[in-house]
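# Fold and geometry: a report
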Amino acid sequence: METILVLAHVEADGTLGRPAREAIAAARAVREGLAGSSLVVGLAGAGAGAAAPQTASCGAARWLAVEGPEFGEPRYATDAAAAQALAEAASAGLVIAASTSRWARTLAGVAQRLGGRVDTHVTGVAAAQGKVAVSRWFYRQRMEAEIERAQRPWFILVDPGCFQPWAGEPGPVAVERVAASGSSRTRFVEYREPVSGEQTIRPDAELLFVAGAGWTKKQPDGKTHTEQAGALILDFLRKSRASLGSSKSLVDLGSEGHAVLPFLTHMNQVGQTGSTPRHPKGLATCCHGEEPHVVGWRFVNERRAVNLDPNCGWAQGKADVLYVADAFTVMAKVDELLG
Amino acid sequence: MQSFHIVVCGSIVPDPLQTLEPVVNSPVPSLKNEMMLPAVLDPWAAHALYEAANLARQRPGSKVWLVSLGPKAKLQQVMMTVAQKAPFELVALDGPSGGFTDASETAAALAEAIQGIAGLDRSRLLLFGGWESASRGAGATMQMTGERLGITDQFQGVDELEVTESGALRILERVEGGRHQLSECEGPPVVLGWATGNLPEPPNNPQVGMANMRMVMPALQRAKPAKAGADGLTYRSVKVPSQRRETRVVKDVPAEEIARELVAWIRNG
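Residues numbered from 1 in each chain as written. Chains lettered and ligands numbered in written order. Predicted model: local features only at pLDDT ≥ 70, side-chain atom pairs only at ≥ 80, totals over all residues.

## Examining the overall build of chain A
Defined as follows: Secondary structure elements follow DSSP: runs of H or I no shorter than four residues count as helices, runs of E no shorter than two count as strands, and numbering proceeds from the N terminus. Buried residues are those with 20 or more other C-beta atoms within 10 Å of their own C-beta, exposed residues have 12 or fewer, and partly exposed residues lie in between; C-beta atoms are placed from the backbone. Any pair of residues counts as being in contact when their C-beta atoms, constructed from backbone geometry, are within 7 Å of one another.
Counting its regular elements, chain A contains eight helices and 15 strands. Considered along the principal axes of its C-alpha atoms, chain A spans approximately 70 × 45 × 35 Å. The buried share of chain A, taken over its 339 residues, is 56%. For chain A, long-range pairs separated by at least 24 residues make up 68% of all intrachain contacts whose partners lie at least 6 apart in sequence.

## Some words on the overall build of chain B
Secondary structure assignment for chain B yields six helices and 15 strands. Across its three principal directions, the C-alpha atoms of chain B cover 65 × 50 × 40 Å. For chain B, buried positions account for 49% of its 269 residues. Within chain B, contacts between residues separated by at least 24 positions form 77% of all contacts whose residues are at least 6 apart in sequence.

## Side note on the domain arrangement of chain A
Residues and elements named next belong to chain A. To be explicit about the condition: Bear in mind that the domain bounds are from an automatic or database domain assignment. Throughout, the ten residues Ala, Val, Leu, Ile, Met, Phe, Trp, Tyr, Cys and Pro are labelled nonpolar, Asp, Glu, Lys and Arg are labelled charged, and all others, Gly among them, are labelled polar.
For chain A, the assigned domains are domain 1 (3–177) and domain 2 (207–338). With centres defined by C-alpha atoms, the gap from domain 1 to domain 2 works out at 36 Å. When its residues are assigned to classes, the side of domain 1 that touches domain 2 shows no nonpolar, two polar and two charged.

## Considering the sheet that holds strand 1 (residues 3–9) of chain A
Operational definition: Here, a strand pair is defined by DSSP locating no fewer than two bridges between the strands. The angle between two axes is taken between their N-to-C directions and runs from 0 to 180 degrees, where each axis is a line fitted to C-alpha atoms and a helix contributes only its stretch in contact.
Taken in spatial order, the 10 strands of this open sheet run 9(A)-3(A)-2(A)-1(A)-4(A)-8(A)-5(A)-6(A)-7(A)-14(B), and their pairing is mixed. Unpaired on one side and paired on the other, strand 9 (175–177) of chain A together with strand 14 (233–239) of chain B mark the two borders of the sheet. Shown here is a sheet whose adjacent strand axes are inclined to one another by a mean of 35°, direction ignored. The pairing of strand 7 (residues 143–149) of chain A with strand 14 of chain B spans six bridges and is antiparallel. When the sheet's bridge partners are listed, Glu148(A) is paired in strand 14 of chain B with Thr234(B).

## Observations regarding the sheet that holds strand 15 (residues 248–251) of chain B
Pairing within the open sheet is parallel, and its six strands lie in the order 12(A)-11(A)-13(A)-14(A)-15(A)-15(B). The outermost strands of the open sheet, each flanked by one partner alone, are strand 12 (243–246) of chain A together with strand 15 of chain B. Adjacent strand axes in the sheet meet at a mean angle of 20°, parallel and antiparallel pairs treated alike. In this sheet, strand 12 of chain A lies alongside strand 11 (residues 207–211) of chain A in parallel orientation, the contact comprising four bridges. Within strand 12 of chain A, the residue paired with Phe209(A) across the bridge is Leu244(A). In the packing of helix 8 (residues 327–338) of chain A onto the sheet, contacts are made with strand 13 (279–285), strand 14 (300–307) and strand 15 (321–324) of chain A, and the angle to strand 14 of chain A comes to roughly 120°.

## Remarks on the interface of chain B and chain A
On the side of chain A, 73 residues touch chain B, which itself brings 72 residues to the contact. Looking at the side of chain B that touches chain A, the elements that each hand over two or more residues are helix 1 (43–58), helix 3 (103–115), helix 4 (141–148), strand 9 (154–163), strand 11 (180–185), strand 14, strand 15 and helix 6 (255–267) of chain B. Residues that form the side of chain B that touches chain A fall into these classes: 31 nonpolar, 23 polar and 18 charged.

## Some remarks on the nonpolar core
A general trend in soluble globular proteins is that nonpolar side chains are found buried together. What counts here: Buried Ala, Val, Leu, Ile, Met, Phe, Trp, Tyr and Cys residues whose C-beta atoms connect them within 7 Å together make up a nonpolar core.
The biggest cluster of nonpolar side chains holds 145 residues, and the ones touching the most others in it are Val6(A), Ala23(A), Leu86(A), Ile96(A), Ile156(A), Val8(B) and Leu49(B). Top contributing element to this core by residue count: helix 3 (residues 76–90) of chain A, with 10 residues.

## Structural notes on the pairing of strand 13 of chain A
Residues and elements named next belong to chain A. For strand 13, the buried fraction is high: six of the seven residues fall into the buried class. Judged from the five bridges that link them, strand 11 and strand 13 form a sheet pairing that is parallel. Within the sheet, the bridge partner assigned to Ala211 lies in strand 13 and is Thr285. Two elements, strand 13 and strand 14, share six bridges in a ladder whose sense is parallel. Pairing of Lys281 across the sheet is with Glu302, part of strand 14.

## Here we look at the environment of Arg117(A)
Relative to the assigned elements, Arg117(A) resides in strand 5 (residues 117–128). Between the C-alpha atom of Arg117(A) and that of Val260(A), which follows or precedes it by 143 residues, the distance is 43 Å. Not counting the four nearest positions on each side in its chain, Arg117(A) is found in contact with Ala111(A), Arg149(A), Gln151(A), Trp154(A), Asp102(B), Ser104(B) and Gly232(B).

## Looking at the environment of Ile117(B)
Residues and elements named next belong to chain B. You can see Ile117 is positioned in the loop between helix 3 and strand 8 (125–130). C-alpha of Ile117 to C-alpha of Trp131: the two residues are 14 residues apart in sequence and 23 Å apart in space. Beyond its immediate chain neighbours, meaning those up to four positions away, Ile117 contacts Trp65 and Val91.

## Description of unusual backbone geometry
Residue and element names in this part refer to chain A. Of note, the amide linkage connecting Arg152 to Pro153 takes the cis form, showing an omega dihedral of -5°. Topologically, Pro153 is positioned in the loop between strand 7 and strand 8 (154–158). Backbone geometry places Arg140, a non-glycine residue, at a positive phi of 50°. Of note, Arg140 is situated in the loop between strand 6 (131–138) and strand 7.

## Re the environment of Gly93(A)
All names here are of chain A. Relative to the elements of secondary structure, Gly93 occurs in the loop between helix 3 and strand 4 (94–98). C-alpha separation for the pair Gly93 and Met1, spaced 92 residues apart in sequence, amounts to 9.1 Å. The residues contacting Gly93, other than those within four sequence positions of it, are Glu2, Thr3, Arg152, Pro153 and Trp154.

## So, the pairing of strand 1 of chain A
Looking down a regular strand, the side chains alternate between one sheet face and the other. Residue and element names in this part refer to chain A. Defined as follows: Here is how to tell: hold the view so the strands point away, follow the path from the first strand over the helix to the second, and if it runs clockwise the crossover is right-handed.
Of all seven residues in strand 1, seven are buried, a share of seventy percent or more. Residues of strand 1 alternate between two faces, with Thr3, Leu5, Leu7 and His9 on one and Ile4, Val6 and Ala8 on the opposite face, all of them buried. Strand direction decides the pairing type here: strand 1 and strand 2 (residues 38–45), joined by seven bridges, are parallel. Bridged to Ala8 within strand 2 is Leu43. Once you follow strand 1 into helix 1 (residues 18–33) and on to strand 2, the crossover reads as right-handed. Note that strand 1 and strand 4 share four bridges and pair parallel. Residue pairing for strand 4: Val6 is matched across the bridge by Ile96.

What follows is the structure, given as structure tokens:
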């Protein structure tokens, strides 16, 4: 019989975030596939106990909470102490959590403390005939593996966006308080918004707009038009509410002292050394190159591209539609039509 | 001025431009022609190394070690380039560098190697690495290595490290929604899993390269065999997804028409 602990940290407003509810959905799926297994909810945070009733109908047998203001701060020492205490109190064989920045920072270390193992960036879980398997990608989203583990506890961090979030009625629950060390040499100072002041990364956006290095190259008149490119892109982002991605080469140009789009940072970078965001649609402009882009676009469903090379290795066979046209002209018209 | 002992953990990965194909003919899968593939220092670990070298340059008395686990021959090939980028002392471990090995076993090998570094002052230790690798991509090895060394102040997705006048460390980590989290730690020892940071790749410096290579070759000769497998881990399948799409190429069409089609596509959910 397997005990499945679903770990979640409570948000500052006392709620459980969407990633936490996705983790609950994953944990429920595992429990349903493992006869005789039980589900335990473990919450950490300033108001962890008060948040527990939100999960009343998720099918858990127990509710555990590590709470106190010191556990509201996102930092390794206290998050690890809370997760360790919850896993030990639950005697968990499987620990499932969302791959938030807090748990991604922490749970591998907790697995080490408890003599267990960890798998991160999990995109699927399956349980049948007493066995659990998870799917995850290797080599920067180039190949997908399905794996099982013999060791316990097995920490499984599920990537946000891979499971339909669990939703259920709140109700009264009996919360067991668990003690954990709240000491740390680190203190949380603040969150910082992008330096550009322009919100260009929107993880929940329908559309990912990727700007390639072509935007900063010489145009038919023999000159670069970086300012115009920046204005067109920002106008498009404001009107479409798209999230902005960038190729590595375009971001690198800035650190090498070339004229670049001032609102782009490494945070916008998708691909081999950037992120692999999940969006229903993606529009690439002025992008070239092949494998690194495939990595960045792995989880973008519908893909279109605008560039001047009909044989572009990135677009051919990777995009659904390739528009062979000047992106400056096309995007100016698009901005106009979006009003 | 406070000085640091900076240990950078960084392995080698296939050049990102290579096409990769898995081979599943043993308990731990591998890549087709893995030993033939050109390799590079793992990109995020490389950023960690550049940040380490930059910090050490600003802090006289600091020293940088690069602890690298990989097949000795491949390490030698990669070090020919990496050694020209920044001054460091190599601690080489001869073992597999593939992505299908388990993070906990890699961490065990790295921690043992770090514990064996002569003259390392753990009270001044900054343990650097990439926040994820371009192979396993788990973002787990650094935390586990840190835990094995008893370091419980850890940071991942780091883009900036500032040392204050009082010796505290102010660290900027990537978090959700394109934001950064700023934290302050009293001081070393800490684990920092670097994202891209803010520094460009340093140009090749032949003088640095020659100085490094005097230490690199003996380090490679001394490289201890390291076991890094995947005990208890079973790969049911490993496959490259079908990626070929039927691309509709639209050319010789006015920009207005393309724009209309794009806007309709964007607006239709």
